[in-house]
Amino acid sequence: MIFLWTNYFRSLYLSNNERYLLKSFSDLCLSEAILNGVAEQQYTHPTPIQAKLIPAMMSGKDVVGIAQTGTGKTAAFVLPILENILGQHTRVPKKSCSALILAPTRELAAQIAVSVHSYGKFVHHSKALIVGGARMGAQTKVLARGVDIIVATPGRLEDHIKCRNIKLDITTCLVLDEADQMMDLGFLPAIRRLMAQLPLKHQNVLLSATMPKAIRALASDFLRDPCELSVVANSKPIELVDHSVVLVKKPQKFGTLLTILSSKSATRSIVFTRTKHGADRLTRDLKQQGLFPVAIHGNKSQGQRNLALADFKAGESNILIATDIAARGIDVEQVSHVFNYELPNIPEAYVHRIGRTGRAGNKGIAISLCDPSETKYLKGIEKFIGSKLKRDSIELGADFSEVKSSKSSNLSGSQEPGGRARRRKPIKNTVGSGHRSKFSRSGSSQPSQGRVSKAKPGDSAGWERRKKRSGGSSADNASDAKRESRGFDSDRGDKRPGSSKKPKFSRSGSSQSPKGRSSRTLRRNSL
């Protein structure tokens, strides 16, 4: 108890005294075990968001933190949670947790879990990563013992709550990372249901790089007198990133991207597309040019997404094609370039995209390719960040001046995206098939090649021309020859002029072949 009160008053002093200069993590009243874990990660000086957020969380207040991406928000909330665990001398009950961290994507949740493990290396604690795409059995066994920290996505956590695998009745701290996306219309109902499971007295922490006014209004529903911390102006891109836009027509986008990716300066690049199918198409086109990209998006399984990120981090592939799923909190070191192959339709996503480069004090380059149809997205981004993007021009190399992506290439022939031959569906021969054609008013079958002119009485040459044009099989021709000799027109199913025999009709109104069998049956028997 004395330990907790000492940290409380010292944290109040640090948060209220503006003239107090923080030079190291030891000035933040952190325990020796936590300082050892921070030192092992080779961090010596706290970032501005860490210097403000750590004392505020240790005071127990609700916090809303706004900071640029790549400024150390993860460590800012993980360190106070580990400090509170050190002050607890009782074990967490079964099927319970002390702190809950929610993230919008599986990749971000896994990244947070790695940070908890790294910073808490010398702290005795238990943790669990609860995300979709993994078996619930192994997660259930971990939750049954009770854990100190749960890092989860809302959907999978709700599944465990419904199965009564976990209870949140003693949880004292809730952290929503990337709060603007977490409280989007799709996440808000799940967040409210999870909030209802928490005790009355608990701490809420909302952190993000952007905090729009509409999202702030939603956050005010369940935050009690929050302490708002803003390191920089809202939605201002990180200053270490040199971001520009290239105005280029859509057919030249692919060649422009190839020119930059082939340069020596692009050592490790992330290319963002707006859609999942666009990411797959771009990956396929780059592979055809001799590059080795990997793709990550929502249609990939969790194993495929983990493998792609592992290859990209290990350097086996220096190009990552991604949708906005990778724009939230994925921390990959030494990313030299970020390309917006397609501008995002949400301005906030631009800040998260370019934040994948220029991290941990390193400089980065962000280039957006904008065609005339995306001008409205460009204006929205410039209005959101409060500045106009620098216009740049890139000359296509000689090898890429005629290269086009598969989507913008001419697909009127027999080629489809990816260079594969397009398979045309075979045209079914409906002549005398015994079924009603959708193009016929009378219900009789017509050739699919178009309307056949009616033959005049006794015009055997016209009759043969129609049969040759319809492309019927030998069995059909044999059947129709018999029918013709009996006075039937196989195209119309009626009796030809000059014949004395009456036509036979099925119950459905279609023509029947001799002996009561349809020509479809004859064709099947002939095959």
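A brief report on the enclosed structure follows.

1. Focus: the sheet that holds strand β10 (residues 293-296)
For step 1, the next point in the chain: The strand order across the open sheet built from 7 strands is β10-β11-β9-β12-β13-β8-β14, with neighbouring strands paired in parallel fashion. Strands with a single pairing partner mark the edges of an open sheet, and in this sheet they are β10 and β14 (390-392). Sheet twist, expressed as the average angle between the axes of neighbouring strands with direction ignored, equals 25 degrees.
For step 2, the next point in the chain: Sheet topology places β10 next to strand β11 (residues 319-322); 4 bridges connect them, and they run parallel. Across the sheet, the residue bridging to I296 is A322, located in β11.

2. Examining the nonpolar core
For step 1, the next point in the chain: L30, F77, I81 and I149 are the most contacted members of the largest nonpolar core, which totals 39 residues.
For step 2, the next point in the chain: Every element with two or more residues in this core is listed here: α2 (32-40), α3 (48-58), α4 (73-87), β2 (97-102), α5 (106-119), β4 (147-152), β5 (173-177) and β6 (203-208).
For step 3, the next point in the chain: For this core, the element with the highest residue contribution is α4, accounting for 8 residues.
For step 4, the next point in the chain: When sequence neighbours within four positions are dropped, the list of residues in contact with I149 reads I81, L82, I85, A99, I101, V116, S126, K127 and A128.
For step 5, the next point in the chain: Core analysis: the second largest hydrophobic core is formed by 28 residues, V64, A128, L176 and L194 among them.

3. Brief notes about helix α7 (residues 154-162)
For step 1, the next point in the chain: All of the buried residues in α7 are P154, R156, L157, E158, H160 and I161.
For step 2, the next point in the chain: Residues of α7 that are buried sit in contact with β2, β3 (127-130), α6 (136-144), β4, α8 (179-182) and α9 (188-196).
For step 3, the next point in the chain: Downstream of α7 by one or two residues, R164 has phi in the positive range, about 60 degrees.

4. Quick word on the side chain of H337
For step 1, the next point in the chain: In this fold, H337 is placed in strand β12 (residues 337-340).
For step 2, the next point in the chain: For H337, the side chain forms a polar contact with the side chain of S336, separated by 3.1 Å.
For step 3, the next point in the chain: With residues near it in sequence (within four places) discarded, H337 still touches I260, S265, A266, R268, S269, I270, I365 and I367.

5. Digging into the environment of G303
For step 1, the next point in the chain: Mapped onto the secondary structure, G303 falls in helix α13 (residues 302-314).
For step 2, the next point in the chain: Accessibility expressed as a relative area gives 46% for G303, which makes it partly exposed.
For step 3, the next point in the chain: In sequence terms G303 and G133 are 170 residues apart; their C-alpha atoms lie 8.1 Å from each other.

6. A word on the environment of F187
For step 1, the next point in the chain: The residue F187 is located in the loop between α8 and α9 in this model.
For step 2, the next point in the chain: F187 sits in the partly exposed class, given a relative accessible area of 22%.
For step 3, the next point in the chain: With 83 residues separating them in the primary sequence, F187 and P104 have C-alpha atoms 8.3 Å apart.
For step 4, the next point in the chain: Ignoring sequence-local partners within four residues, the contact set of F187 consists of P104, P154, Q181 and M182.

7. Remarks on the sheet that holds strand β7 (residues 227-230)
For step 1, the next point in the chain: Pairing is parallel across the open sheet formed by 7 strands, whose spatial order is β3-β4-β2-β5-β6-β1-β7. Each of the sheet's edge strands pairs with one partner strand only, and the pair in question is β3 and β7. The mean angle between the axes of side-by-side strands here comes to 15 degrees, regardless of whether they run parallel or antiparallel.
For step 2, the next point in the chain: Strand direction decides the pairing type here: strand β1 (residues 63-66) and β7, joined by 4 bridges, are parallel. Within β7, the residue paired with G65 across the bridge is L229.
For step 3, the next point in the chain: Sheet strands touched by α6: β3 and β4. Its angle to β3, the strand with the most contacts, is close to 150 degrees.

Procedures and definitions
Residues numbered from 1 in each chain as written. Predicted model: local features only at pLDDT ≥ 70, side-chain atom pairs only at ≥ 80, totals over all residues. Heavy atoms only, no water. Pairing = 2+ DSSP bridges. Helix = DSSP H or I, 4+ residues; strand = E, 2+ residues; numbered from the N terminus. Axes fitted to C-alpha atoms, helices over the stretch in contact; angles between N-to-C directions. Core = buried A, V, L, I, M, F, W, Y, C linked by side-chain atoms within 4.5 Å. Buried < 20%, exposed > 50% of the residue type's maximum accessible area, 1.4 Å probe, protein only. Contact = heavy atoms within 4.5 Å. Polar contact = N/O pair within 3.5 Å; in protein donor to acceptor, adjacent residues only side chain to side chain.

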